[in-house]
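Coordinates in review
Residues per chain are reported as follows:
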Amino acid sequence: MRVIAGTARGLRLAAPRDPQTRPISDKVKESLFGALGERVADARFLDLYAGSGAIGIEALSRGAAHATFVERARPAVAVIRENLARTGMGERASVEARSVEAFLGATTAGPWDVVALDPPYAERTLDVPLDRLRAHLAPGAVVVVKHFWRTPMPTGAGLAVIRSRRFGETALTFLEEER
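For the structure given in this document, a descriptive report is provided here. On a predicted model such as this, the values are computed, not experimentally measured, just so you know.

What counts, and where the lines are drawn
Residues numbered from 1 in each chain as written. Predicted model: local features only at pLDDT ≥ 70, side-chain atom pairs only at ≥ 80, totals over all residues. Heavy atoms only, no water. Phe/Tyr/Trp six-rings, centres within 6.5 Å; stacked < 30°, edge-to-face > 60°. Helix = DSSP H or I, 4+ residues; strand = E, 2+ residues; numbered from the N terminus. Buried < 20%, exposed > 50% of the residue type's maximum accessible area, 1.4 Å probe, protein only. Lys NZ or Arg CZ within 6 Å of the ring centre and 35° of its normal. Pairing = 2+ DSSP bridges. Axes fitted to C-alpha atoms, helices over the stretch in contact; angles between N-to-C directions. Contact = heavy atoms within 4.5 Å.

Both the distance between ring centres and the angle between the ring planes are used here to describe each pair of aromatic rings. The full count for this structure, using the stated rule, is three aromatic pairs. Geometrically, the ring pair formed by Phe33 and Phe45 is stacked, given 6.4 Å between the ring centres and 20° between the ring planes. Taken as a pair, Phe33 in helix 1 (residues 26-36) and Phe45 in strand 1 (residues 44-48) lie far apart in primary sequence, 12 residues in all. Residues Phe33 and Phe45 agree in their burial class; the two are buried. Ring centres of Phe148 and Trp149 lie 6.4 Å apart, and the angle between their planes is 50°; this geometry places the pair in the tilted category. On the basis of relative accessibility, which here comes to 32%, the residue Trp149 falls in the partly exposed class. The ring of Phe174 is capped by Arg163, whose NZ or CZ atom sits 5.9 Å from the centre of that ring.

Written out as structure tokens, the structure is:
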């Protein structure tokens, strides 16, 4: 696993040794950031279910102003901190060692311009995190969910699907606030 583009391009990232954590492939990461395009530059980026931190670190490398990483698994939190140190991006990042639901229910941080969710495939519903997330979005924000392709996206959370792309068993679904 490596950083694909930007100031940290080519740097290798560590991955947690947890079978629950699935690192994002370069192909999926390229597609994700290709679709986000210029939205990443100067953005406040939120990486939920952060795992190794690869998505948020890619955003920082591509010019995001700040990234917040939320991960509850202690070994993964240690890997995120290691990867931030390895890439020299720690001063533009914060790491929250708690569950996504607890973080979104208690945080006063934000608003975020770009949010990435990469929940475990066993997480079959995203209703609660997406519901809580809405209060923390900047106007015009985009939310990207990396998920098992058969996991249905919730309706009624005030977010509408604007784009979806499938890569084998993995899918990326892009959401924006309904107008």
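Read across the open sheet, the seven strands follow the order 3-2-1-4-5-7-6; overall the sheet is mixed. Every other strand in the sheet has two partners, leaving strand 3 (93-96) and strand 6 (159-167) as the edge strands with one partner each. Averaged over all pairs of adjacent strands, the angle between strand axes in this sheet comes to 15°, irrespective of strand direction. Pairing of strand 4 (residues 112-117) with strand 5 (residues 137-148), which is carried by five bridges, proceeds in the parallel orientation. Within strand 5, the residue paired with Leu117 across the bridge is Val145. Most of the contacts of helix 1 go to strand 7 (residues 170-177), to which it runs at about 20°, and overall it touches strand 1, strand 4, strand 5, strand 6 and strand 7. Most of the contacts of helix 2 (residues 54-61) go to strand 2 (residues 66-70), to which it runs at about 175°, and overall it touches strand 1, strand 2, strand 3 and strand 4.

So far we have only geometry, and geometry alone does not tell us how the molecule works.
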